[in-house]
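# Chains, contacts and geometry: an overview
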Amino acid sequence: IEVAHSPSGIFLSQRKYTIDFLTETGMLGCKPADTPLEPNTHLKGQEGDPVDKGSYQRLVGRLIYLSHTRPDITFAVSMVSQYMHDPHSTHLEAIYRILRYLKSAPGRGILFSKHGHWRVDCFTDADWAGCPDDRRSTYGYCTIVGGNLISWRSKKQSVVARSSAEAEFRAMARGICELLWVRGLLQDLGLPTDPPVRFYCDNKSAISIVHNPVQHDRTKHIEIDRHFIKEKMEAGVICIPFVQSGSQLADIFTKGFGFKIFSPIVSKLGMSNIYA
């Protein structure tokens, strides 16, 4: 990981690693792509011809390491990593699409700059039943401290959600666990944290379930998550404001977008390319 200091802040990137990766795979002279995935891409198992498992796993492993400073490829890497045990040609094509995107901006990374506060924010989202193989949902969240992105995740849920509200609610519980960890870390470092922590969600049904003290039959299967979130909200640790889908930064960790939507989200996450 390369670290660059400037009056704007500290910039982290893996430019040399990316260029070496593209060179070794023969993709340094490829045509760049604007996004790591085609919009609304959903990979399926055993689609296309089988490919060499060892080579596929090595490519995915290098992409996982590269995503340490490239949250913009996190969702795409999460998708291709699900087929490491039985890769096919369509999955390999998705990897090459990611490489073409890396070619467009190999020096892109994360900028940490001073914003004059230590406010902690979290955005969470879920793509309900997005996997065509098992209809499990993909959740994603990102944590922002002092205006800088410090942690993010994109992962398929372990159970099948029966509604979009359930998928969002389970994603909220995962995001709050991350928030509590970040908050505890800041307190251990002696840094100020102004409660409540703001936790943004774009699903009104999920927010209503948190605020409604009455148990319903349709919420029994998520009762543990509900009590956990309700407890933290009543203690004043978190607040859950509604955010419009157009301002939902976690969208980038749950689904593929076109360039017009993808590029502004990447910029809002604090990603830039000082080598442009």
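For clarity, every value in this text was computed on a predicted model and none was experimentally measured.

Moving on: the overall build of the chain. Scanning the chain for helices and strands turns up eight helices and nine strands. Relative to the 2.2 N^0.38 estimate, which gives 19 Å for 276 residues, the radius of gyration of the chain is 19 Å and therefore close to what a compact globule would have. Once the C-alpha set of the chain is aligned to its principal axes, its extents read approximately 60 × 50 × 30 Å. Considering the chain as a whole, with its 276 residues, one finds that 48% of them fall into the buried category. Considering only contacts in the chain between residues 6 or more positions apart, those separated by 24 or more positions represent 75%.

To continue, consider the sheet that holds strand S6 (residues 148-156). Across the sheet, which stays open at both edges, the five strands sit in the order S6-S5-S4-S7-S8 with mixed pairing between neighbours. Every other strand in the sheet has two partners, leaving S6 and strand S8 (238-239) as the edge strands with one partner each. Summarising the sheet, strand S4 (residues 120-127) and strand S7 (residues 197-200) pair through three bridges and their orientation is parallel. When the bridges of S7 are listed, Cys122 appears paired with Phe199. Relative to S4, helix H5 (residues 164-188) is tilted by about 155 degrees, and along the sheet it contacts S4, strand S5 (138-145), S6, S7 and S8.

When the domains of the chain are assigned, the result is domain 1 (2-110) and domain 2 (117-253). When domain 1 packs against domain 2, the two sides together hide about 1000 Å² of surface, and 61% of this comes from carbon and sulfur. The largest per-residue losses of area from domain 1 upon contact with domain 2 belong to His42, Pro71 and Phe75, which jointly make up 39% of the total buried on that side. Summed over the shared surface of domain 1 and domain 2, the result is four residue pairs in polar contact (both at pLDDT 80 or more). Here the element with the most residues in the side of domain 1 that touches domain 2 is helix H3 (residues 74-81); it accounts for three residues. By residue class, the composition of the side of domain 1 that touches domain 2 is five nonpolar, seven polar and two charged.

What follows is about helix H6 (residues 204-211). Within H6, burial applies to Ala206, Ile207, Ile209 and Val210. Down the axis of H6, the buried side of the element spans an arc of 155 degrees, and every buried residue falls inside it. Residues of H6 that are buried sit in contact with H5 and helix H7 (223-234). The opening residue of H6 is Asn203, an N-cap whose side-chain oxygen sits 3.1 Å from the backbone nitrogen of Ser205.

All right, on to the environment of Ile222 then. With respect to the helices and strands, the residue Ile222 is situated in the loop between H6 and H7. A C-alpha to C-alpha distance of 7.6 Å links Ile222 and Arg170, two positions 52 residues apart in sequence. With near-sequence residues (within four places) excluded, Ile222 lies in contact with Glu166, Phe169 and Arg170.

A word on the sheet that holds strand S9 (residues 271-273). Strand pairing in a sheet is mediated by backbone hydrogen bonds. Such pairs are either parallel or antiparallel. Read from one edge of the open sheet, four strands run S1-S2-S3-S9, paired in antiparallel fashion. Two strands in the sheet have a free side with no partner beyond their single neighbour: strand S1 (2-6) and S9. Here the average twist between neighbouring strands, direction ignored, is 35 degrees.

Right, let's get into the environment of His117. Mapped onto the elements, His117 comes out in the loop between strand S3 (108-112) and S4. Among the residues examined, His117 registers a relative accessible area of 27% and is labelled partly exposed. Considering only alpha carbons, one finds His117 and Ser151, 34 residues apart in sequence, at a separation of 18 Å. Contacts of His117, omitting those with residues within four sequence positions, involve Gly146 and Gly147. Polar side-chain contacts of His117 include one of 3.1 Å to the backbone nitrogen of Arg119.

Parameters and conventions
- Residues numbered from 1 in each chain as written.
- Predicted model: local features only at pLDDT ≥ 70, side-chain atom pairs only at ≥ 80, totals over all residues.
- Heavy atoms only, no water.
- Helix = DSSP H or I, 4+ residues; strand = E, 2+ residues; numbered from the N terminus.
- Rg over C-alpha atoms; globule rule 2.2 N^0.38 Å.
- Buried < 20%, exposed > 50% of the residue type's maximum accessible area, 1.4 Å probe, protein only.
- Contact = heavy atoms within 4.5 Å.
- Pairing = 2+ DSSP bridges.
- Axes fitted to C-alpha atoms, helices over the stretch in contact; angles between N-to-C directions.
- Domains from an automatic or database assignment.
- Buried area = accessible area lost by both parts, 1.4 Å probe.
- Polar contact = N/O pair within 3.5 Å; in protein donor to acceptor, adjacent residues only side chain to side chain.
- Nonpolar A, V, L, I, M, F, W, Y, C, P; charged D, E, K, R; others polar.
- Arc of directions from axis to C-beta.

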